[in-house]
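Residue strings, one per chain:
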Amino acid sequence: MGKRRKQRQRKTKAAVDRDVISRLPDEILCNILSFLPTRTSVATSVLSRRWRYLWKKVQALDLSDDFFYTPELSRDEAQERFLIFLKEFEPLLLPLPMRKFRLSCPVGQFGYTDLIGWIEHVIGRVSELYFSVRSDGQTYELYFRNLHSTSLVSLVLDGNIMIVVDFVPTPSESIFPSLKNLELNVIFNYVDLDLLLSGCPALETLRITLTDFRLEAFHMPRSLKSLTFEEQYSDSEDVTLELLEVNTPSLEYLRLSLRGCYAQILVCDYPNIKKASLDISRKSGNIAWVPKLLRALCKTKFLWLQVSTIECLICAPVLVLPDFCNLIQLQLDFHSFQSSLLIDLLHSCPKLQALKIYISQCMNSILSGSYLKSHNGWTQPLSIPHCIVSHLNTVEHRGYLNTPEEHEFTAYILQRGLVLKTMRIHTKYNLDSKCEIYEALSQIQKGSSMCRLEVKTN
């Protein structure tokens, strides 16, 4: 009997020795738990005596209704249980030390006041707040004055929330004086966005999605380093706005997705820009200023031009491309392959290392008007773009249709790409055509002995 006891003791001791995680300091363990939902964090209390009360020291509260949804409960029953859970645990959870607070759930009219009560209770203590509300089409108002906080650094609002800006900031009063990150995917309608942003003097990252709004102009905060601005409309009405001002000289990241027509855009030099993505609807007003925006972004390292932006460039009366002196990766989404514009862009990117081409439509799908007139097929360039012989090492072409124009362009890159390492083709054809494409491209004499040709089907 004594021998078996000793064996069990040795096994227990070995298991303890292997439990390296439990021997970490509280500070490290709490930081790990802070990335988990609160329910999972609390569940670790059953692991051992070491973990029993550790979750109470975690300075993050992540409450979601996800774990209440089971096959046994209806949707309404699950939502009701979640609200009951919040009320029962409020005395236990709210007094805990807190740095992050995340609340995500559906809501009925009877429960929204309780959720706002939670937000108002923690807003002055946390540095990061995430609030997401889902409902069956009903909209709930959120008054920004109730969210006043000097400690808040990051704020994310998502769902069926209607922003109500019920204050007028003064130079000596800001609603979020420390806020650096603001993400809004909510309902604005007639809210004065400039008034809202004026209450965030330290803002560095802004991610905003607007749907069916009616405003005349936007002025982005000058302090921004990262801007994601997306707007869309549920109807086909042409919406014209007077001005978009992006006078943000410290900008490092830019993503624009614009469906409306902007009569004017004000930009500046962006010496620190690293990544830019442009999806700008082909409207007559936009066509005039898209080249101007490209010139302002000429120092970016990564550039993604989506289909509608490409159309703006093609339709521009005069297109003078800037010298993208720092660009190392270029992604182009074409409606239909355009080798002439592509070669012009390569001439403007002397240090380009990676080129990604995406074709969105089938062979017989072409655009009308000036796009069609400018589409003349492959023309041998008078000079070789510098990047092809010096820096370009990866080319990826998705939606490859094996048109004569595409084949000639691919052959041109293979023959003159002196440092090319990978040519990756994704074709929409069947396996037999894939083999034919591979065989035809394999016969081309390559300028680089390191080049590997890959042909795949989508």
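What counts as what
- Residues numbered from 1 in each chain as written.
- Predicted model: local features only at pLDDT ≥ 70, side-chain atom pairs only at ≥ 80, totals over all residues.
- Heavy atoms only, no water.
- Bend = angle between axes of the 7 residues up to and from the residue.
- Helix = DSSP H or I, 4+ residues; strand = E, 2+ residues; numbered from the N terminus.
- Buried < 20%, exposed > 50% of the residue type's maximum accessible area, 1.4 Å probe, protein only.
- Contact = heavy atoms within 4.5 Å.
- Core = buried A, V, L, I, M, F, W, Y, C linked by side-chain atoms within 4.5 Å.
- Phe/Tyr/Trp six-rings, centres within 6.5 Å; stacked < 30°, edge-to-face > 60°.
- Lys NZ or Arg CZ within 6 Å of the ring centre and 35° of its normal.

Looking up the chain in an unreviewed UniProt entry gives the name F-box/FBD/LRR-repeat protein, with the organism given as Arachis hypogaea.

Draft legend 1. Examining helix α7 (residues 284–296) more closely. Valine 290 marks the point of greatest bend in α7, at about 30 degrees, and the proline proline 291 comes within the next four residues. Listed in full, the buried residues belonging to α7 are Gly285, Asn286, Ile287, Trp289, Val290, Pro291, Leu293, Leu294 and Ala296. On the buried face of α7, the contacting elements are β11 (253–258), β12 (261–266), β13 (275–280), β14 (302–305) and α8 (307–315).

Draft legend 2. Geometry of the nonpolar core. Judged by nonpolar contacts, the single largest core of 120 residues is most densely connected at Phe101, Phe229 and Leu355. Aside from chain neighbours lying at most four places away, what touches phenylalanine 229 is Ile208, Leu210, Phe218, Met220, Leu244, Arg255, Leu256, Ser257, Leu258 and Tyr262. Within the second largest apolar cluster, 7 residues are counted, among which are Leu29, Leu33, Leu54 and Val58.

Draft legend 3. Just the side chain of serine 127, in detail. With respect to the secondary-structure elements, serine 127 resides in the loop between α5 (109–122) and β3 (128–134). Given a relative accessible area of 17%, serine 127 falls into the buried group. In this structure, serine 127 is in contact with Arg99, Ser151, Leu152, Val153 and Ser154, ignoring residues within four places of it in sequence.

Draft legend 4. Layout of the packing of aromatic side chains. Per the counting criterion, the structure on display carries 5 aromatic pairs. Each residue in the set Phe334, Phe337, Trp378, Phe409 and Tyr412 is aromatic and connected to the rest through ring pairs, giving one cluster. Lying over the aromatic face of tyrosine 130, arginine 102 brings its terminal NZ or CZ to 3.7 Å of the ring centre.

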